[in-house]
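Inside the fold
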Amino acid sequence: NTIKDKSINTNNKLNLQYFINRQQILQLYKQFFRLSKSINDKYLIDEIRTQIRMEFKKYGNINNASSMDPVLLKSLLVDGQKSLKQLEKMCVDKSNTGKTNSSSWMDIDDPDDKRGRVGSGWPWNR
């Protein structure tokens, strides 16, 4: 008779996809926290980090080998990427408050009109 090692659970083998998913989830989590460092408001940083933790904990067991739903996992990763882009946009908007956009029509370099508005040439000379 062979001796079975009870520490090895053969029913819940971890496959390559589990580790790929785990890496993507951890990478997304780290990206959220790195991005949250760029926010100047201490209270807002705490609120955002609390929300990040709660969302990741809510779905913390979704990547278990026994209960992995690939469609739900992919959907959550896509939603996480969208949320990261929203947070990124919010951080950029907050950091640019009070600054003009360099691609704005108001920043056009025109010797006649420093503000880049409509000039006095044709058809206005009629």
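So, about the overall build of the chain. Of regular secondary structure, the chain possesses three helices and zero strands. Starting at the N terminus, the α and β elements of the chain follow one another as α-α-α. Counting only residues that meet the buried cut, the chain has 17% of its 126 residues in that class. Here the analysis covers contacts within the chain between residues at least 6 apart in sequence; of these, 58% occur between residues at least 24 apart.

Overall, the coordinates contain four aromatic pairs when judged by the stated rule. Between Tyr-29 and Phe-33, the ring centres sit 4.9 Å apart and the planes meet at 45 degrees, which makes this aromatic pair tilted. Of this pair, Tyr-29 and Phe-33 both sit in helix H1 (residues 16–36), four residues apart, which is roughly one turn of the helix. Of the residues examined, Phe-33 reaches a relative accessible area of 15% and is grouped as buried. Centre to centre, the rings of Phe-32 and Phe-56 are 6.1 Å apart; their planes meet at 75 degrees, and the pair counts as edge-to-face. Of this pair, Phe-32 sits in helix H1 while Phe-56 sits in helix H2 (residues 42–58), placing them 24 residues apart in sequence. The class of Phe-56 is partly exposed, set by a relative accessible area of 23%.

This brings us to the pattern of salt bridges. Enumeration according to the criterion identifies two salt bridges in this entry. With a shortest N-O distance of 3.6 Å, Lys-58 and Glu-55 are connected by a salt bridge. Of the two residues, Lys-58 and Glu-55 are both situated in helix H2; the distance of three residues between them amounts to about one turn of the helix. The class of Glu-55 is partly exposed, set by a relative accessible area of 32%.

Counting 14 residues, the largest nonpolar core has Phe-32, Ile-39 and Leu-87 as the members making the most contacts within it. Elements that contribute at least two residues to this core include exactly H1, H2 and helix H3 (70–95). Top element by residues in this core is H3. It accounts for five residues. Apart from the residues within four sequence positions on either side, Phe-32 is in contact with Ile-52, Phe-56, Gly-80, Ser-83, Leu-84 and Leu-87.

As a further point, take the packing of H1 against H2. Between H1 and H2, the least distance of the axes is 10 Å, while the angle of their chain directions is 170 degrees. What the angle tells us is that H1 and H2 run roughly antiparallel. Here Ile-25, Leu-28, Tyr-29, Phe-32, Phe-33 and Ser-36 of H1 lie close against H2, whose contacting residues are Ile-45, Ile-48, Arg-49, Ile-52, Arg-53 and Phe-56. Grouping the amino acids of the contact of H1 with H2 by side-chain chemistry returns nine nonpolar, one polar and two charged.

Attention now moves to H1. The first and last C-alpha atoms of H1 sit 31 Å apart over 21 residues, in line with the 30 Å expected at 1.5 Å per residue. Taken together, the buried positions of H1 are occupied by Tyr-18, Asn-21, Leu-28, Phe-32, Phe-33, Leu-35 and Ser-36.

Spanning 17 residues, H2 covers 24 Å between terminal C-alpha atoms, matching the ideal 24 Å at 1.5 Å per step. Three or more residues of H2 are buried, namely Ile-45, Ile-48 and Ile-52. The buried residues of H2 occupy one face: seen down the axis, they fall within an arc of 70 degrees. In H2, the exposed positions angled more than 90 degrees off the buried face are occupied by Tyr-43, Lys-57 and Lys-58. With a side-chain oxygen positioned 3.3 Å from the backbone nitrogen of Tyr-43, the residue opening H2 is Asp-41.

Rules used in this analysis
- Numbers given for residues are sequential positions, taken from 1 along each chain in its written order.
- The predicted origin of the model limits local features to residues at a pLDDT of at least 70 and limits the giving and counting of side-chain atom pairs to 80 or more, whereas totals for whole chains, interfaces and linings rest on all residues.
- Hydrogens and water are ignored here; the side-chain numbers use all heavy atoms of the structure.
- A run of DSSP states H or I qualifies as a helix once it reaches four residues; a run of E qualifies as a strand once it reaches two. Both are numbered from the N-terminal end.
- Burial classification: accessible surface area is computed with a 1.4 Å probe over protein chains only, and a residue below 20% of its type maximum counts as buried, one above 50% as exposed, and the rest as partly exposed.
- Any two residues having at least one pair of non-hydrogen atoms within 4.5 Å are treated as being in contact.
- Only Phe, Tyr and Trp rings are paired, with Trp represented by its six-membered ring, and only when their centres lie within 6.5 Å; those with planes under 30 degrees apart are stacked, over 60 edge-to-face, the remainder tilted.
- The term salt bridge refers to a side-chain nitrogen of Lys or Arg lying within 4 Å of a carboxyl oxygen of Asp or Glu.
- Grouping buried Ala, Val, Leu, Ile, Met, Phe, Trp, Tyr and Cys residues that are joined through side-chain atoms within 4.5 Å yields what is termed a nonpolar core.
- Helix axes are fitted to C-alpha atoms over the stretch in contact, other axes to C-alpha atoms as well, and angles between N-to-C directions run from 0 to 180 degrees.
- For classification purposes, an angle smaller than 35 degrees is called roughly parallel, one larger than 145 roughly antiparallel, one from 65 to 115 roughly perpendicular, and anything else oblique.
- Each residue gets one label: Ala, Val, Leu, Ile, Met, Phe, Trp, Tyr, Cys and Pro are nonpolar, Asp, Glu, Lys and Arg are charged, and the others, such as Gly, are polar.
- Expected helix span is given by 1.5 Å per residue-to-residue step, counting one fewer step than there are residues.
- This arc is taken over the directions from the axis of the helix to the C-beta atoms.
- Two N or O atoms count as a polar contact when they lie within 3.5 Å, although within protein this holds only if one can serve as hydrogen donor and the other as acceptor, and sequence-adjacent residues are included solely when both atoms are side-chain atoms.

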